[in-house]
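Examination of the molecular architecture
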Amino acid sequence: MKNNTLIHAGLALLRIAPSVFMLTHGYPKLMKLISGNTEFADPFGIGQAPSLFLAVVAEFICPILIIIGFKTRWAAIPTAITMAVAAFIAHGGDPFGRKELALLYLTVFVVIMLLGPGKYSVDKR
């Protein structure tokens, strides 16, 4: 059915494009972690290094999994949580325009959690 194909193509686009964009946020954090510079925000009091490590997982590792569609719903959870932290804690007191991008990412990754990866994914093979 043509409509079904369009739905799965749309799910792939929804999954892949924002995850590629998220990599541009996660890659600098990965490079920072690899270089040994663990100076980073610590919103939950677990330490800067663990906070940076979790951000790298959520903004670099999980988006790669989402792009290929492997364990997609599970991989979207850390990314969505990180975007909620960015919007409501890191930018909680900021004007809407400053937290808008994090809210947009949060929305996309929650939708991915709810709908799954679609048939064009490793999960569906």
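A few points on the structure. Every value quoted in this text rests on a predicted model; they were computed, and no experiment measured them.

Secondary structure assignment for the chain yields 4 helices and 0 strands. Helices and strands appear in the chain in the N-to-C order α-α-α-α. Against the compact-globule benchmark of 14 Å for 125 residues, the chain has a radius of gyration of 15 Å, which places it among compact chains. Principal-axis analysis of the C-alpha atoms places the extent of the chain at approximately 50 × 35 × 20 Å. By the burial criterion, 36% of the 125 residues in the chain qualify as buried. Partitioning the intrachain contacts of the chain with sequence separation of at least 6 by distance along the chain shows that 64% fall at a separation of at least 24. Total accessible area on the chain stands at roughly 7,300 Å², and carbon and sulfur atoms take up 70% of it. For the chain, the distance from the average position of its 11 positive side-chain charges to the average position of its 6 negative side-chain charges is 16 Å.

So, about helix H4 (residues 96–115). Between its first and last C-alpha, H4 extends 27 Å over 20 residues, near the 28 Å set by a 1.5 Å rise per residue. Of all bends in H4, the biggest is about 25°, found at Ala102. Taken together, the buried positions of H4 are Lys99, Ala102, Leu103, Tyr105, Leu106, Val108, Phe109 and Ile112. Remark: Gly116 follows H4 within two positions and exhibits a positive phi of approximately 80°.

Residues Phe44, Ile46, Phe53, Leu54, Phe88 and Ile89 make up a contiguous nonpolar surface patch of roughly 640 Å² in combined accessible area. Listed by contribution, the elements that provide at least two residues to the nonpolar patch are helix H2 (48–68) and helix H3 (72–90). Following the sequence through the fold, Ile89 ends up in helix H3.

With respect to the helices, strands and loops of the structure, His8 is situated in helix H1 (residues 2–35). Using a relative accessible area of 16% as the deciding quantity, one classes His8 as buried. Leave out the neighbours within four places in its chain, and His8 touches Gly118, Lys119 and Tyr120.

Approximately 680 Å³ is the volume attributed to the largest pocket. Lining of the largest pocket is provided by 27 residues; of these, Phe40, Glu59, Thr82, Met83 and Ala86 occupy positions nearest its centre. Listing elements by their share of the lining of the largest pocket, those giving two or more residues are H1, H2, H3 and H4. Here the lining of the largest pocket gets 8 residues from one element, more than from any other, and that element is H3.

Now for the packing of aromatic side chains. A full pass over the atoms with the stated rule returns 2 aromatic pairs. On the basis of an interplanar angle of 45° and a centroid distance of 6.1 Å, the ring pair of Tyr27 and Phe60 is categorised as tilted. Here the residue Tyr27 occupies a position in helix H1, and Phe60 occupies one in helix H2, the gap between them amounting to 33 residues. Among the residues examined, Tyr27 registers a relative accessible area of 43% and is labelled partly exposed. Ring centres 6.3 Å apart and planes at 20° place the aromatic pair Tyr105 and Phe109 in the stacked group. Of this pair, Tyr105 and Phe109 both sit in helix H4, 4 residues apart, which is roughly one turn of that helix.

Cut-offs applied
Residues numbered from 1 in each chain as written. Predicted model: local features only at pLDDT ≥ 70, side-chain atom pairs only at ≥ 80, totals over all residues. Heavy atoms only, no water. Helix = DSSP H or I, 4+ residues; strand = E, 2+ residues; numbered from the N terminus. Rg over C-alpha atoms; globule rule 2.2 N^0.38 Å. Buried < 20%, exposed > 50% of the residue type's maximum accessible area, 1.4 Å probe, protein only. Contact = heavy atoms within 4.5 Å. Areas by Shrake-Rupley, 256 points an atom, 1.4 Å probe, with all protein chains shown as cover. Lys, Arg positive; Asp, Glu negative; His and termini not counted. Charge placed at Lys NZ, Arg CZ, Asp CG, Glu CD. Expected span 1.5 Å × (residues − 1). Bend = angle between axes of the 7 residues up to and from the residue. Patch = residues over 30% accessible without salt bridge, like charges linked within 9 Å, V, L, I, M, F, W, Y side chains within 5 Å. Salt bridge = Lys/Arg side-chain N within 4 Å of Asp/Glu carboxyl O. 1 Å grid on protein atoms, 1.4 Å probe; cavity = no way out; pocket = protein on both sides within 12 Å on 5 of 7 lines; lining within 4 Å. Points joined across faces, edges and corners; volume = space filled by probe spheres on them. Phe/Tyr/Trp six-rings, centres within 6.5 Å; stacked < 30°, edge-to-face > 60°.

Any functional reading would require information beyond the geometric quantities listed.
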